[in-house]
Amino acid sequence: MVLRDLDSWLQSEAPTILRRRDLDQPLDDFLAHGAGGVLWRDQQRMKVYANSPKSDLHTWLSQVLADLDGDLLELGCGIGAHDDTRVVGIDLHWSSLLRFPGRAILADALDPPFSGSTFDAVLAINLLDSCRDPFLLLQQADALLRPGGTLVLSSPFHWRDEITPPRNWLSPEQVQEFLLARGYHCQKAQHDWILQSGSRTTTLHRCVTWIGRRQDSVLQR
Ligand SMILES: C[S@@+](CC[C@H](N)C(=O)[O-])C[C@H]1O[C@@H](n2cnc3c(N)ncnc32)[C@H](O)[C@@H]1O
């Protein structure tokens with residue numbers, strides 16, 4: 001590569017580079033810092049999720065998944081906080097989806113590409129406070145469930161106004177109200193989730209979790 005303006009080239013070529021797996025580390029690192037650091041931030045984000053230790057939340061999620069069967073969907077799956085290959089995952093982040101253990105679909109959880117009443121369980125693990133409209137997310141997740149289905153939620157309620165406009169923020173109580181109003185029988189708990197953002201920096205999130213079983217007029221499993 002002999003370029004005068006690496007940044008402009010990277011602006012248009014970033015998607016191609018993201019797809020490549022054959023670049024050696026120094027070249028990869030060098031390119032990653034161009035284009036305003038967009039690729040570097042992408043790499044850092046992947047490292048945080050891939051290098052963080054397994055925590056209480058992961059153990060809880062594996063146990064929850066072991067008790068679920070049928071068609072399982074995870075909204076905002078990222079790389080997956082579990083290794084269950086039965087789960088279909090959707091996310092907007094391409095690099096994360098490449099590492100997701102199950103079938104991965106690039107799609108918007110707020111506008112999911114499925115008909116209503118399609119899944120036996122819908123999971124949204126740490127997505128509520130990472131999306132633009134958490135109430136719409138709850139409505140979409142509820143609509144995707146078959147009668148008698150299970151909704152599995154987790155969130156640290158760590159709102160950032162650059163991601164979620166403050167008028168859309170929800171409290172755990174409002175989530176609980178939504179679930180009760182829609183006829184869910186709820187098992188609410190708290191589980192710790194640790195993210196390692198640097199070699200000396202970890203963040204402990206106290207997530208509120210729900211296993212909601214919808215009490216529809218069909219027999220439960
Ligand atoms: C905090 S991460 C959690 C990832 C994973 N569920 C976990 O617990 O490790 C939030 C994820 O939600 C995704 N996300 C945010 N808004 C989304 C949307 N509207 N549709 C799909 N995914 C979304 C992000 O790309 C990110 O991967």
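Just so we're clear, the structure is a prediction, and the values are computed from it rather than from any experiment. (Residues numbered from 1 in each chain as written. Predicted model: local features only at pLDDT ≥ 70, side-chain atom pairs only at ≥ 80, totals over all residues. Heavy atoms only, no water.)

1. Observations concerning the overall build of the chain
Okay, so step 1: Scanning the chain from terminus to terminus reveals seven helices and seven strands.
Okay, so step 2: Going from the N terminus to the C terminus, the chain shows its helices and strands as α-α-α-α-β-β-α-β-β-α-β-α-β-β.
Okay, so step 3: The C-alpha atoms of the chain give a radius of gyration of 19 Å, which matches the 17 Å a tight globule of 221 residues would have.
Okay, so step 4: Relative to its 221 residues, the chain shows a buried fraction of 46%.
Okay, so step 5: Surface exposure of the chain reaches about 12,000 Å², of which carbon and sulfur atoms provide 50%.
Okay, so step 6: Of the side chains in the chain, 22 bear a positive and 28 a negative charge, and the two mean positions are spaced by 1 Å. (Helix = DSSP H or I, 4+ residues; strand = E, 2+ residues; numbered from the N terminus. Rg over C-alpha atoms; globule rule 2.2 N^0.38 Å. Buried < 20%, exposed > 50% of the residue type's maximum accessible area, 1.4 Å probe, protein only. Areas by Shrake-Rupley, 256 points an atom, 1.4 Å probe, with all protein chains shown as cover. Lys, Arg positive; Asp, Glu negative; His and termini not counted. Charge placed at Lys NZ, Arg CZ, Asp CG, Glu CD.)

2. Observations concerning the side chain of Asp91
Okay, so step 1: Locating Asp91 in the fold gives a position in strand β2 (residues 88-91).
Okay, so step 2: Look at Asp91: it is buried, it has no salt bridge, and the nearest opposite charge is Arg45 at 4.8 Å.
Okay, so step 3: Within the structure, the side chain of Asp91 is placed 2.8 Å from the backbone nitrogen of Gly78, a separation counted as a polar contact.
Okay, so step 4: Among the polar contacts made by the side chain of Asp91, one reaches the main-chain amide nitrogen of His93 at a distance of 2.8 Å.
Okay, so step 5: Every residue in contact with Asp91, bar those within four places of it in the chain, is listed here: Gly76, Cys77, Gly78, Leu97, Ile105, Leu106 and Ala107. (Salt bridge = Lys/Arg side-chain N within 4 Å of Asp/Glu carboxyl O. Polar contact = N/O pair within 3.5 Å; in protein donor to acceptor, adjacent residues only side chain to side chain. Contact = heavy atoms within 4.5 Å.)

3. Structural notes on the environment of Asp42
Okay, so step 1: When you line up the elements, Asp42 lands in helix α3 (residues 38-51).
Okay, so step 2: Residues Asp42 and Ser95, spaced 53 residues apart in sequence, show a C-alpha to C-alpha distance of 7.8 Å.

4. Points about the sheet that holds strand β5 (residues 145-155)
Okay, so step 1: Overall, mixed pairing links the seven strands, which are arranged β3-β2-β1-β4-β5-β7-β6 in an open sheet. Looking at the sheet topology across the chains shown, the edges are occupied by β3 (104-106) and β6 (184-198). Here the strands of the sheet are splayed against their neighbours by 20 degrees on average, with no regard to which way each runs.
Okay, so step 2: Relative to strand β4 (residues 119-125), strand β1 (residues 72-75) is paired through four bridges, and the arrangement is parallel. Bridge pairing in β4 links Leu72 to Ala121.
Okay, so step 3: Of the strands in this sheet, β1, β4, β5, β6 and β7 (201-214) touch helix α6 (residues 134-144), which is tilted by about 145 degrees from β5.
Okay, so step 4: Of the strands in this sheet, β5, β6 and β7 touch helix α7 (residues 172-181), which is tilted by about 140 degrees from β6. (Pairing = 2+ DSSP bridges. Axes fitted to C-alpha atoms, helices over the stretch in contact; angles between N-to-C directions.)

5. Topic: the site of the ligand
Okay, so step 1: Neighbouring the ligand are 20 residues; Arg45, Asp91, Asp108, Ala109 and Ile125 lie closest to it.
Okay, so step 2: Arg45 has a polar side-chain atom sitting 2.9 Å from an oxygen atom of the ligand.
Okay, so step 3: One nitrogen or oxygen atom from the main chain of Gly76 is found 2.9 Å from a nitrogen atom belonging to the ligand.
Okay, so step 4: In isolation the ligand has 600 Å² of accessible area, and contact with the protein removes 89% of it.
Okay, so step 5: When atoms are counted within 2 Å of each cavity's grid points, the one that captures over half of the ligand is the largest pocket.
Okay, so step 6: Taken together, the residues of the shell around the ligand break down into eleven nonpolar, five polar and four charged. (Near = heavy atom within 4 Å. 1 Å grid on protein atoms, 1.4 Å probe; cavity = no way out; pocket = protein on both sides within 12 Å on 5 of 7 lines; lining within 4 Å. Sits in = over half its atoms within 2 Å of the grid points. Nonpolar A, V, L, I, M, F, W, Y, C, P; charged D, E, K, R; others polar.)

6. Observations concerning unusual backbone geometry
Most peptide bonds take the trans configuration, and most residues that are not glycine carry a negative phi.
Okay, so step 1: Positive phi values are uncommon outside glycine, yet Ser117 reaches one of about 55 degrees.
Okay, so step 2: Relative to the assigned elements, Ser117 resides in the loop between β3 and β4.
Okay, so step 3: In this structure, Phe157 takes a positive phi of about 50 degrees despite not being glycine.
Okay, so step 4: Residue class for Phe157 comes out buried when judged on its relative accessible area of 14%.

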